[in-house]
Amino acid sequence: MEFLKKYKHTLIIPIYGILYMLAFRYVEQRNVPINIIHMKIDDYIPFCEYFIVPYLLWFAYVAVTVFYFAFFNKNKQEYWQFILTLGIGMTLFIFVSLLYPNGQSLRSELTGDSIFIHLVQYLYTIDTPTNILPSIHVFNSIACCIAIFQHKPFQGLFQGIFCHILQKIISISGL
């Protein structure tokens, strides 16, 4: 009971998480025509299977950042600012996806037998190339990076450089 009292502020995370995942599933599985997002520069960007690593790191980056701010950070204002930023951005993502169903047709023909190719193949089976604008990967990565930059204990040079590089690599890793 003491745990619930001490961490009651974290209850918003699973509640919102469930609602978000239901909305995300609906947006991903509905059968509507999508608007293809394509720029000429897309034709010149080569496929690189190694970018699956930062793409998957995004899940850990966001989870660890949320976990830290929820359970270890003593500054509740920073916690709420971070959680509300994520929530507003993710909710905006759902609304844009509902109003403007969109996607890309950039998926490469996968050849080879490396672990990275197998990871990309698996990703292709569970994640559709739809509802990519706005990018939740990019938004959440930036929100995490800003929260970390603004958190006084993390304002050292190593944390700042690491966070900035990770955020940039995750942002360009969209497959």
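Cut-offs and rules
- Residues numbered from 1 in each chain as written.
- Predicted model: local features only at pLDDT ≥ 70, side-chain atom pairs only at ≥ 80, totals over all residues.
- Heavy atoms only, no water.
- 1 Å grid on protein atoms, 1.4 Å probe; cavity = no way out; pocket = protein on both sides within 12 Å on 5 of 7 lines; lining within 4 Å.
- Points joined across faces, edges and corners; volume = space filled by probe spheres on them.
- Helix = DSSP H or I, 4+ residues; strand = E, 2+ residues; numbered from the N terminus.
- Nonpolar A, V, L, I, M, F, W, Y, C, P; charged D, E, K, R; others polar.
- Expected span 1.5 Å × (residues − 1).
- Buried < 20%, exposed > 50% of the residue type's maximum accessible area, 1.4 Å probe, protein only.
- Arc of directions from axis to C-beta.
- Contact = heavy atoms within 4.5 Å.
- Phe/Tyr/Trp six-rings, centres within 6.5 Å; stacked < 30°, edge-to-face > 60°.
- Polar contact = N/O pair within 3.5 Å; in protein donor to acceptor, adjacent residues only side chain to side chain.

A. Structural context of the layout of surface pockets. Approximately 280 Å³ is the volume attributed to the second largest pocket. Contributions of two or more residues to the lining of the second largest pocket are made by α3 (52-71) and α7 (157-172). Counting residues per element, the lining of the second largest pocket draws most heavily on α3, which supplies seven residues. Taken together, the residues that form the lining of the second largest pocket break down as twelve nonpolar, two polar and no charged.

B. Focus on the environment of Leu110. With respect to the helices, strands and loops of the structure, Leu110 is situated in the loop between β2 (102-103) and α5 (115-126). Each C-alpha atom, one on Leu110 and one on Cys145, is 32 Å from the other, the two residues being 35 residues apart in sequence.

C. Representation of helix α2 (residues 12-29) in the model. Compared with the 26 Å implied by 1.5 Å per residue over 18 residues, the 25 Å span of α2 between its first and last C-alpha is a close match. Inspection of α2 places Tyr20, Val27 and Glu28 among the buried residues, and these make up the whole buried set. On an axial view of α2, the arc spanned by its buried residues comes to 85 degrees, and they lie on one face. Pointing more than 90 degrees away from the buried face of α2 are the exposed residues Ile15, Ile18, Leu19, Leu22, Arg25 and Gln29. On its buried face, α2 sits against α4 (76-99) and α6 (136-150).

D. Geometry of the packing of aromatic side chains. Applying the stated rule across the entire model yields 15 aromatic pairs. With a centroid separation of 4.7 Å and 75 degrees between ring planes, the pair formed by Trp58 and Phe59 is classed as edge-to-face. Look at Trp58 and you get buried, because its relative accessible area is 10%. With 6.3 Å between their ring centres and 20 degrees between their planes, Tyr68 and Phe72 make a pair best called stacked.

E. The arrangement of α6 in detail. With 15 residues, α6 ought to run about 21 Å at 1.5 Å a step, and its terminal C-alpha atoms sit 21 Å apart, in line with that. Among all positions in α6, only Ile136, His137, Asn140, Ser141, Ala143, Cys144, Cys145, Ala147 and Ile148 are buried. Between a side-chain oxygen at the N-terminus of α6 and the backbone nitrogen of His137 the separation is 3.4 Å; the capping residue is Ser135.

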